[in-house]
Amino acid sequence: MNITETLNGILEALSRCKNLLIVIKGSPDPDVIASSYALKLLATHRGVHAQIVALARISLPQNSAIVNELGISMSFDEQGPSPEGHDAYAVLDHQSAYVERLSGRIPCAIHIDHHEKTEDTVNSGYSLISTTAGSVSTIMALVLKNAGLGLSPSERRNVATALYLGMLTDTDNFRHAGPHEQEAVEFLSPMMDKKIISRITSVPLSDQTQQLIGRALTGKVLYRDWLFAGLGYIDESIRDSIAITADFLLEREDAQTVIIYAMIDRRHGLTLDASFRTRNPNLDLDTLIKKITPNGGGRMYKGAFQINLDYFRNYDDRDALWSLLDGATRQVLRASRDGMHFTELKGFYRRMKRTLRTLFTGEESD
Ligand SMILES: [Mn+2]
């Protein structure tokens, strides 16, 4: 990742639009909130009008706290935003730049992500997929550092605080941080509001999340060094608790990899959601998950998939439906664990290739 090139690429893409829509796909987490906000500031300071829209509501109290405490304005549009009034859009922190209702109608000007690269149906004006950064917030922090914008004191404080929280979340409290994170933290530290950070990071787990953790602990299954647990039906408003439950179990249980899954009750449908967490740096979660379903993916240490089950939404024996899906999911996971050796090797070789390239060319590859 070359930050000067990245900055120039973003600026060039921005120079071609007047009204940019920054789209948050999926449930807004600290990394995508912070990096989208940073892009919005950058755009605004280059004379481009920019707005942030999220396709799902925020589901965790600490994520709402970031938006509220730092005055980050965003709208929500679950149907998918209309292109009207915008001449381009941007997608950060997501493997695909495709957005229903926008793609094919207005161009995607900017796509930045730190998950594994996948084939995308959308060609973006500027695209950076860098797995050498632990978060998109890391990339945007370094971009801001190089842009030297004349931000107001409150803008500086808010964006630095948000980006720090985005990095913190995606690197598991800097446990998986690299040299880019170090440089970004050095840049952000003097500007961020440490009181807000400690207030937001100490938001206790909600009662509902605690209940789900309890459910996972009672229902957990150990298979070789994998642990998995199905949580049954949960409301869409607390779907992010699945990932938190997975984090919690990986921290406390003696397993290499944790998978938590649940049936998400949406207003007019059902989805099976699964969250993967691993401490094995060689486990290629992206490949592993894509073998289960194309509707998912991952990066080092984290992954997730969603399977649409709307077809079953009116089936009235909910217990039977859950028990079927629970059993099927366990079987899929056991089979994935048995075939893991190959995905693990793939991850290992990919990392080795990267290291070798860095050694011989002196530059980092993405
Ligand atoms: Mn991220």
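Residues numbered from 1 in each chain as written. Predicted model: local features only at pLDDT ≥ 70, side-chain atom pairs only at ≥ 80, totals over all residues.

1. Focus on the overall build of the protein chain
Cut-off, in case you're wondering: Put simply, DSSP H or I for four residues or longer makes a helix, DSSP E for two residues or longer makes a strand, and each gets a number counted from the N terminus. Counts of 20 or more other C-beta atoms within 10 Å of a residue's own C-beta define buried residues, counts of 12 or fewer define exposed ones, and intermediate counts define partly exposed ones; C-beta atoms are placed from the backbone. Contact between two residues is assigned whenever their backbone-derived C-beta positions fall within 7 Å.
Scanning the protein chain for helices and strands turns up twelve helices and twelve strands. Considering only C-alpha atoms, the protein chain reaches an extent of 60 × 50 × 45 Å along its principal axes. With 366 residues in all, the protein chain has 41% of them scored as buried. A sequence separation of at least 24 residues applies to 66% of the contacts in the protein chain between residues at least 6 apart.

2. Considerations on the sheet that holds strand 3 (residues 75-76)
What counts here: At least two DSSP bridges between two strands are needed for those strands to be called paired.
What the six strands build is an open sheet, ordered 3-2-1-4-5-6; its pairing is parallel. Edge positions in the sheet fall to strand 3 and strand 6 (124-129), since each has one partner strand and no second. Pairing of strand 2 (residues 49-54) with strand 3, which is carried by two bridges, proceeds in the parallel orientation. In the sheet register, Val 53 faces strand 3, and the bridge partner there is Ser 75.

3. Considering the packing of helix 5 (residues 153-170) against helix 7 (residues 194-201)
Basically, it comes down to this: Every axis in this analysis is a line fitted to C-alpha atoms, fitted for helices over the stretch in contact. Angles between the N-to-C directions lie between 0 and 180 degrees. Crossings are assigned a handedness: left-handed for a near helix turned anticlockwise from the far helix by less than a right angle, right-handed for a clockwise turn. Residues are grouped as follows: nonpolar covers Ala, Val, Leu, Ile, Met, Phe, Trp, Tyr, Cys and Pro; charged covers Asp, Glu, Lys and Arg; every other residue, Gly included, is treated as polar.
Packing of helix 5 against helix 7 brings their axes to within 10 Å, and their N-to-C directions diverge by 35°. Read as a crossing pair, helix 5 and helix 7 show a hand that is right-handed. Contact residues: Thr 161, Tyr 164 and Leu 165 in helix 5; Ile 196, Ile 197 and Ile 200 in helix 7. Broken down by class, the residue content of the contact of helix 5 with helix 7 amounts to five nonpolar, one polar and no charged.

4. Considering the nonpolar core
Going by this rule: The term nonpolar core means buried Ala, Val, Leu, Ile, Met, Phe, Trp, Tyr and Cys residues held together as one set by C-beta atoms within 7 Å.
Leu 20, Ala 38, Tyr 89, Ala 90, Ala 109 and Leu 163 are the most contacted members of the largest nonpolar core, which has 59 residues in total. Ranked by residues supplied to this core, first place goes to helix 2 (residues 30-45) with nine residues. Once residues lying within four places of it in the same chain are set aside, the contact partners of Tyr 89 are Leu 20, Leu 21, Val 23, Val 99, Leu 102, Ile 106, Cys 108 and Ala 109. Core analysis: the second largest hydrophobic core is formed by 34 residues, Leu 212, Ala 216, Phe 276 and Leu 288 among them.

5. Things to note about the sheet that holds strand 10 (residues 269-278)
Sheet architecture is open: six strands sit in the order 7-8-9-10-12-11, paired in mixed fashion. Two strands lie at the open edges of the sheet, namely strand 7 (221-223) and strand 11 (296-299), each paired on one side alone. Averaged over all neighbouring strand pairs, the angle between strand axes comes to 15°, with direction disregarded. In this sheet, strand 12 (residues 302-308) lies alongside strand 11 in antiparallel orientation, the contact comprising four bridges. Counterpart to Arg 299 in the pairing with strand 12 is Lys 302. In the packing of helix 8 (residues 207-219) onto the sheet, the strands contacted are strand 8 (226-235) and strand 9 (257-266), and the crossing angle to strand 8 comes to about 135°. Contacts from helix 10 (residues 285-292) reach strand 10, strand 11 and strand 12 within the one sheet, and its direction differs from that of strand 11 by about 170°.

6. Describing the domain arrangement of the protein chain
This is how the line gets drawn: Domain start and stop points were drawn from an automatic or database domain assignment.
Partitioning the protein chain into domains gives domain 1 (3-201) and domain 2 (207-345). Look at where the C-alpha atoms of domain 1 and domain 2 centre, and you get two points 27 Å apart. Opposite the ten residues of domain 1 that make contact, domain 2 presents ten residues. Residue composition of the side of domain 1 that touches domain 2, by class: one nonpolar, eight polar and one charged.

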